[in-house]
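Spelled out from the first residue to the last, the chains are:
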Amino acid sequence: MTDATETLSPEAKYALITRNLQEVLGEEEMKAILGERDIKLYWGTAPTGRPHIGYFVSMVKIADFLQAGCHVTILMADIHAFLDNMKAPIEQVGLRTKYYEQVIRGMLSAIGVPLEKLTFVVGSSYQLSKEYAMDNYRLATKITEHDAKKAGSEVVKQVSAPLLSGLLYPGMQALDEEYLGVDAQFGGVDQRKIFTLAEKHLPKIGYKKRIHMMTPMLPGLQGSKMSASDPNSKIDLLDTSKAVKNKISKAFCPEKVVEDNGVLTFVKYVLFPASSLRLGRPEFVIQRPEQYGGNTVYSDYETLEHDFVEGTVHPGDLKNGVTAALNQLLEPIRQSFDTPEMQQLILDAYPPPVVEPKVVKQKKKHNKRPDDVNVAEEQAAVEEQAAVEEKFANTHL
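Residues numbered from 1 in each chain as written. Predicted model: local features only at pLDDT ≥ 70, side-chain atom pairs only at ≥ 80, totals over all residues. Heavy atoms only, no water.

Peer 1: Describe in detail the overall build of the protein chain, supporting the description with residues and values.
Peer 2: Across its full length, the protein chain holds 16 helices and eight strands. Taken over 397 residues, the protein chain has a buried fraction of 47%. Taking the intrachain contacts of the protein chain between residues at least 6 apart in sequence as the baseline, contacts between residues at least 24 apart amount to 75%. Of the roughly 21000 Å² of accessible surface on the protein chain, a fraction of 52% belongs to carbon and sulfur atoms. (Helix = DSSP H or I, 4+ residues; strand = E, 2+ residues; numbered from the N terminus. Buried < 20%, exposed > 50% of the residue type's maximum accessible area, 1.4 Å probe, protein only. Contact = heavy atoms within 4.5 Å. Areas by Shrake-Rupley, 256 points an atom, 1.4 Å probe, with all protein chains shown as cover.)

Peer 1: Please provide a residue-by-residue account of empty space enclosed by the protein, values included.
Peer 2: Going through the model one piece at a time under the given rule, you end up with two cavities of 30 Å³ or more. There is about 70 Å³ of room inside the largest cavity. Along its surface, the largest cavity is lined by 10 residues, and Ile-53, Leu-221, Gly-262, Val-263 and Phe-266 are the ones closest to its centre. A per-element tally of the lining of the largest cavity places helix α12 (residues 262-279) first, with three residues. Lining the second largest cavity we find Asn-20, Val-57, Val-60, Lys-61, Asp-64, Thr-215, Tyr-269 and Pro-273. For the lining of the second largest cavity, the secondary structure elements donating two or more residues are α3 (56-67) and α12. If you tally residues by element for the lining of the second largest cavity, the top one is α3, at four residues. Of the residues assigned to the lining of the second largest cavity, the class counts are four nonpolar, two polar and two charged. (1 Å grid on protein atoms, 1.4 Å probe; cavity = no way out; pocket = protein on both sides within 12 Å on 5 of 7 lines; lining within 4 Å. Points joined across faces, edges and corners; volume = space filled by probe spheres on them. Nonpolar A, V, L, I, M, F, W, Y, C, P; charged D, E, K, R; others polar.)

Peer 1: Pulling in residues and values, what's your account of the environment of Ala-151?
Peer 2: When you line up the elements, Ala-151 lands in helix α8 (residues 145-151). Accessibility expressed as a relative area gives 3% for Ala-151, which makes it buried. The spacing of Ala-151 and Lys-193 is 42 residues in sequence and 4.6 Å in space, taken between C-alpha atoms.

Peer 1: Any chance you could break down the pattern of salt bridges for me, citing the residues and the numbers?
Peer 2: Counted by the stated rule, this structure contains 18 salt bridges. The shortest N-O distance in the salt bridge between Arg-210 and Glu-178 comes to 3.0 Å. Placement of Arg-210 in the loop between α10 (192-201) and β6 (211-215) and of Glu-178 in helix α9 (residues 165-179) is noted, with a sequence separation of 32 residues between them. A relative accessible area of 25% places Glu-178 in the partly exposed class. Between Asp-239 and Lys-247 there is a salt bridge, with its nearest N and O atoms 2.8 Å apart. Exposure remark for Lys-247: the relative accessible area of 24% places this residue in the partly exposed category. A cluster of three or more residues bridged by salt bridges with shared partners is formed by Arg-19, Lys-61 and Asp-64. (Salt bridge = Lys/Arg side-chain N within 4 Å of Asp/Glu carboxyl O.)

Scope: geometric values only; no functional claims are made or implied.
Quick look at the structure:
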């Protein structure tokens, strides 16, 4: 990624920051700040389930932010992960935090983002301070239970008997904006209700309203939201090349259909931007044998989508192109985890589920008293032992 930040005008920086975003709350404020200095922003992630390829959407935008001269902080929200319906004990969350940081660093390196321009912060490094705790209490006196529950409805795991911890989550995410000293927060559009809660309530305790930027949510492999907790909807960042091929081959990708097409959406929001970062130009290749037209190189998403809708690009050809490009992106990440230390970290952070041994029920012997059964079993044991001793004697004569 080239560093031409100093030559960019405020208008060019704004265009870079906002491209491929679904929504921006506070556009005029952003333009005003860019007229004076660069934007300070943060992106947070709660280390719960294993990250999937959908995280590349955020990584690509982080690359845009850096190219626009933004000061970017990545928050490893360990306390939030603990509060989210107890998805993991706090000790295991610590291990998952280490795993997340390694994976995120690997993803950013894979698309050519300079890591020295980023700041990584772990939430518990400041969220356990007395100042933060007091602000959390102050904010709790302003936010109703209804608003807190509504704000977290698309982020915090929803269950029939929700814990009080889930109500603390949205307010703390709002407070993070103040304690990280940023102008803006960036996340998926599923965070919108938390963002609007922050805008409404932070000024009530004396803190300014921030800018909020949102990316669209990628459809999963089956057409629904891509989720870390649903293995059928996503591709893990450490999946083997064979597993990637198998999952994409089964993905929802109906001929000529764009809506809820996770394969096509991934090309738009990840593969084209990633190729620009890695190669210096947008590029996506449809790989086909010569008898079927040979390879086709696309330099923009709009032309690819047009050809797909027209039927010029078959779903099978699209999937083959995505498989090749995605495996090229994932290979350096796989290699970075191919050490005994990293393999142990994976096992510690995400231990395999414990399989309870099956209890074999003893068949009931009917029409016999318990005493009769015990006597019969003892007699059978005596006879078996006698037979063993006789055989042993015969073979050692």
